[in-house]
Structure formats: structure tokens, C-alpha cells
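These are the residues of each chain, in order.
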Amino acid sequence: MPTPLRPGSLHEEVATRLRTMVFERQLAPGEWIDELALARDWQISRTPLREALKVLAAEGLVTPVPRQGCKVTELSEHDADDLFPVMALLEGRCAFEAVRKASPADVKALRKLHEVLERHAATGNVDGYYRANHEFHTRVQALADNRWLDRATNDLRRFLRMLRGRQLNWPGRIQASINEHRVLMDAIEHGDAARAERVMHDHLLAQLVALKALRAHEQAQAAGGARA
């Protein structure tokens, strides 16, 4: 009798844990992966850890450096400038197809997710808003029910997740974001697919504008501190 295949392997479990650490910024952009420390903390050998790092390298989440190990991929300003417009197109299309395919129950469920966003926006809870926002966008993508769109969006969404909603720290961004979501929900609830597509597209580009403003502010502060 052949040996039954396991539903998962150790290196896959390790890859999942590493991926979460990257998305949660427990491993920061540009940070070196300390293989010895992780292997010790997780009580595993370095073999499954290295196999997991190969998986993350293939996904673009970590960058191998010959004879030095792996470090968490860091997205440059140029990367963000190129990435957000593409995601705007993809997520806009997700919204379009989601509106065309969503049932009344689906729309009601989206409304409940939106209400969670409203609560976090009202209290200025950046972390809670980020998590709820990710869940909302993921749900819209699922409602689009297009495996090719799903594949392309998932592939690039992981890089947005590496930013972990940094733009939400820009003053006024949460309030602007929830206003954009209100317009989006209105389009969805009225079954206006074309409008939902435009709003979602512009919502993504607004995130880029806020991120660029935040980065410019941080750079100015750093330059001022260096002069001081």
C-alpha cells in the first residue's frame, strides 16, 4: 500500500508562519532573516526553514543574498508608483464583476463589513481599520468569482500587504478612506457596476497619494534631524 500523502508538510507550515510575520511587519522590510534564532525558537531544523524561505523567495516576499542569507523584500517608492496603478485596475475590475454577480445576501454581508470599517474609522483605530479593510477588499474579490482575475490580484496583493496600510498613518487618510468606501457601498447597493469600478480604481490611487505624502514627510523629518 502506498503511504498516504500528508495534507501539508513542515516547510509549508513554516512558510505560512513566515508569510504572516512579513505581512504583520514582525519581520520588517529590509530585515535579515535570522535562521538560527527562528530554528531555535520554533524547535525545528534549518532544513524546513530554508525550504520555506525558497517558497517566499519565489513569491517575492524575501530576497536571497548569496553567502549571506535572506532579507525581507523592501518596496521602493518606484515599486509603489508602479504597483498601485496596476492594483487599481485589478481591484476596479473585481468591484465591477462583484456587483454584477453579487446576490442580495452578498451585498448585505458587505454592508456588515463596511459597518466594521465605520466603527474603526470613528475611533481612529489604524490597525483595526487595516484588517477590516483587507477583509472587505478580499470579499469583493471573492464575489467577482473570476479565477484569472483572482490569480492576478492575489499575486500582487501580497506586495500591498507588505506595506501594511502605512498610508493610513497620514493625517486624514482614514476619514478619506471611509468616505471612499461609503461611495463604493452606495454603488454596490444600487447595482452600478461601472461606478463601483471607477470608485474602487480611484480608491487605490488615493492610497498611493497618501503613501507618497507620508514618505515625503518622513524624509523631510529625517533630513531635519540629520541637520540638527
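Before reading further, recall that the structure is shown in the block above.
Source: prediction; values computed, not measured.

**Section: the pattern of salt bridges**
A side chain with one charge can pair with a side chain of the opposite charge if their charged atoms come near.
Item 1. In this structure the tally under the stated criterion is 20 salt bridges.
Item 2. Between Arg-164 and Glu-24 there is a salt bridge, with the nearest N and O atoms lying 2.8 Å from each other. With Arg-164 in the loop between helix H7 (147-163) and helix H8 (173-189) and Glu-24 in the loop between helix H1 (10-23) and helix H2 (35-42), this residue pair connects regions lying 140 residues apart in the sequence.
Item 3. Note on Glu-24: relative accessible area 22%, which makes it partly exposed.
Item 4. Of the charged contacts in the structure, one is a salt bridge between Arg-93 and Glu-97, with a shortest N-O distance of 2.9 Å. Of this pair, Arg-93 and Glu-97 both sit in helix H4 (residues 77-101), 4 residues apart, which is roughly one turn of the helix.
Item 5. Among the residues examined, Glu-97 registers a relative accessible area of 7% and is labelled buried.

**Examining the environment of Pro-29**
Item 1. Here Pro-29 shows up in the loop between H1 and H2.
Item 2. Looking at Pro-29, the relative accessible area reads 25%, which means it is partly exposed.

**Brief notes about the nonpolar core**
Item 1. Ranked by size, the top nonpolar core spans 63 residues in total, and within it Leu-18 and Leu-49 carry the most contacts.
Item 2. When residues in this core are grouped by element, the largest group, 11 residues, is from H4.

**Re the environment of Ala-193**
Item 1. Here Ala-193 shows up in helix H9 (residues 193-227).
Item 2. Sequence spacing of Ala-193 and Phe-96 is 97 residues, and the spatial spacing of their C-alpha atoms is 4.5 Å.
Item 3. Those residues in contact with Ala-193 that sit more than four places away from it in its chain are Phe-96, Val-99 and Arg-100.

**Some points on helix H5 (residues 104-123)**
Item 1. For H5, spanning 20 residues, the distance from its first C-alpha to its last is 29 Å, which sits close to the expected 28 Å at 1.5 Å a residue.
Item 2. Among all positions of H5, only Asp-106, Val-107, Leu-110, Leu-113, His-114, Leu-117 and Ala-121 are buried. For H5, the angular spread of the buried residues around the axis is 120°, confining them to a single face. Turned more than 90 degrees away from the buried face of H5, the exposed residues are Pro-104, Ala-105, Lys-108, Lys-112, Arg-119, Ala-122 and Thr-123.
Item 3. Packed against the buried residues of H5 are H4, helix H6 (126-144) and H8.
Item 4. At the C-terminal side of H5, Gly-124 shows a positive phi close to 70°.

**Some points on the packing of aromatic side chains**
Item 1. Counted under the stated rule, the structure contains 0 aromatic pairs.
Item 2. The ring of Trp-42 has Arg-17 sitting right over it, with the charged end atom 4.8 Å from the ring centre.

**Things to note about the pairing of strand S1 (residues 62-65)**
Consecutive side chains along a regular strand alternate between the two faces of the sheet.
Item 1. Where S1 and strand S2 (residues 69-72) come together, 4 bridges link them in antiparallel fashion. Directly across from Thr-63, in S2, lies its bridge partner Lys-71.
Item 2. Turn length for the S1-S2 hairpin, with the two strands adjacent in sequence and antiparallel, is 3 residues, and the turn residue Arg-67 shows positive phi of about 65°.

**Considering the environment of Ala-196**
Item 1. Locating Ala-196 in the fold gives a position in helix H9.
Item 2. Separated by 172 residues in the primary sequence, Ala-196 and Glu-24 place their C-alpha atoms 29 Å from one another.
Item 3. Excluding residues that lie within four positions of it along the chain, Ala-196 makes contacts with Ala-95, Val-99, Leu-184, Ala-187 and Ile-188.

Reading the values: the criteria
The numbering scheme is per chain: residues are counted from 1 as the chain's sequence reads. Whole-chain, interface and lining totals are the exception, using all residues; otherwise, since this is a predicted model, local features are given only for residues with pLDDT of at least 70 and side-chain atom pairs are given and counted only at 80 or more. Water and hydrogen atoms play no part in the side-chain values, which are based on all heavy atoms of the structure. By convention in these notes, a salt bridge is any Lys or Arg side-chain nitrogen within 4 Å of a carboxyl oxygen on Asp or Glu. Numbered from the N terminus, helices here are DSSP runs of H or I no shorter than four residues, and strands are runs of E no shorter than two. Relative accessibility decides the category of a residue: with a 1.4 Å probe and only protein chains considered, values under 20% of the type maximum give buried, values over 50% give exposed, and everything between is partly exposed. Here, the term nonpolar core denotes a set of buried Ala, Val, Leu, Ile, Met, Phe, Trp, Tyr and Cys residues that are joined through side-chain atoms within 4.5 Å. Contacts were defined at the residue level, with two residues in contact if any of their heavy atoms lie within 4.5 Å. Helix span is expected to be 1.5 Å times the residue number reduced by one. Each C-beta atom gives one direction from the helix axis, and the arc is the one those directions make. Note on aromatic pairs: the rings of Phe, Tyr and Trp (six-membered ring only in Trp) are paired at centre separations within 6.5 Å, and the planes decide the class, stacked below 30 degrees, edge-to-face beyond 60, tilted for the rest. The rule for a charge over a ring is simple: NZ of Lys or CZ of Arg within 6 Å of the ring centre, and within 35 degrees of the ring normal. At least two bridges found by DSSP between two strands are what make those strands a pair.

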